[in-house]
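Overview (structure and organization)
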Amino acid sequence: MPMAKVAITVDQQLLRLVDRWVVQGRYASRSQAIQMALREKLERWKRVRLAEEVRKLNPREERELADEAFAGEAWPEF
């Protein structure tokens with residue numbers, strides 16, 4: 001995957017923690033640590049967003065739609 005270089009401003013205390021992780025061998029570099037943190041945050045955001053969208057669903061309406069799609073077939077009880 002192509003990479004792009006960016007410049008960011010980071011709180012010094014946060015950067016010291018990242019540097020400690022690099023020294024401890026958790027990450028090969030600051031860049032790797034920050035990339036992983038960003039990936040994890042984005043994945044968490046996707047899960048939260050999906051959960052928020054699911055909460056918007058009306059179970060009765062969804063059941064009616066499913067019943068229409070499976071007209072004539074037995075629908076399992078939950």
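**Observations concerning the overall build of the protein chain**
Looking only at helices and strands, the protein chain has three helices and zero strands in total. In the protein chain, the succession of α and β elements from N to C terminus is α-α-α. For the protein chain, the C-alpha radius of gyration of 23 Å lies well beyond 12 Å, the compact-globule estimate for 78 residues. Projecting the C-alpha coordinates of the protein chain onto the three principal axes gives extents of approximately 65 × 25 × 25 Å. Among the 78 residues that make up the protein chain, the fraction classed as buried is 4%. For the protein chain, the exposed area adds up to about 7600 Å²; of that, 57% sits on carbon and sulfur atoms. Put simply, the protein chain has 15 plus and 13 minus side-chain charges, and the middle of one group is 16 Å from the middle of the other.

**Focus on the confidence of the model for the protein chain**
Scored by pLDDT, the protein chain has a mean of 87; 92% of the residues are at 70 or more. The weakest mean pLDDT in the protein chain belongs to helix H3 (residues 59–69) at 79; the strongest belongs to helix H1 (residues 12–24) at 97.

**Points about the layout of surface pockets**
Empty space within the largest pocket amounts to approximately 720 Å³. Residue lining of the largest pocket: 22 residues in total, with Val6, Ser31, Ile34, Gln35 and Leu38 positioned closest to the centre. Secondary-structure elements contributing two or more residues to the lining of the largest pocket are H1 and helix H2 (30–55). A total of nine residues in the lining of the largest pocket trace back to one element, the largest contributor, which is H2. Split by residue class, the lining of the largest pocket holds 17 nonpolar, two polar and three charged.

**Some remarks on the packing of aromatic side chains**
This model, assessed by the stated rule, comprises one aromatic pair. Taking 6.0 Å as the distance between ring centres and 45° as the angle between the ring planes, the aromatic pair formed by tryptophan 21 and tyrosine 27 counts as tilted. Tryptophan 21 gets classed as partly exposed once you look at its relative accessible area, which sits at 25%.

**Overview of the pattern of salt bridges**
Close approach of charged atoms allows side chains with opposite charge to pair. Inspection of the entire model under this criterion finds two salt bridges. Of the charged contacts in the structure, one is a salt bridge between aspartate 19 and arginine 30, with a shortest N-O distance of 2.6 Å. With aspartate 19 in helix H1 and arginine 30 in helix H2, this pair connects stretches of sequence that are 11 residues apart. Take aspartate 19: its relative accessible area is 24%, and that puts it in the partly exposed class. According to the relative accessible area criterion, arginine 30 is partly exposed, its value standing at 41%. Between glutamate 43 and lysine 46 there is a salt bridge, and its shortest N-O distance comes to 3.2 Å.

Here is what the cut-offs are and how they apply
Residues numbered from 1 in each chain as written. Predicted model: local features only at pLDDT ≥ 70, side-chain atom pairs only at ≥ 80, totals over all residues. Heavy atoms only, no water. Helix = DSSP H or I, 4+ residues; strand = E, 2+ residues; numbered from the N terminus. Rg over C-alpha atoms; globule rule 2.2 N^0.38 Å. Buried < 20%, exposed > 50% of the residue type's maximum accessible area, 1.4 Å probe, protein only. Areas by Shrake-Rupley, 256 points an atom, 1.4 Å probe, with all protein chains shown as cover. Lys, Arg positive; Asp, Glu negative; His and termini not counted. Charge placed at Lys NZ, Arg CZ, Asp CG, Glu CD. pLDDT = per-residue confidence, 0-100. 1 Å grid on protein atoms, 1.4 Å probe; cavity = no way out; pocket = protein on both sides within 12 Å on 5 of 7 lines; lining within 4 Å. Points joined across faces, edges and corners; volume = space filled by probe spheres on them. Nonpolar A, V, L, I, M, F, W, Y, C, P; charged D, E, K, R; others polar. Phe/Tyr/Trp six-rings, centres within 6.5 Å; stacked < 30°, edge-to-face > 60°. Salt bridge = Lys/Arg side-chain N within 4 Å of Asp/Glu carboxyl O.

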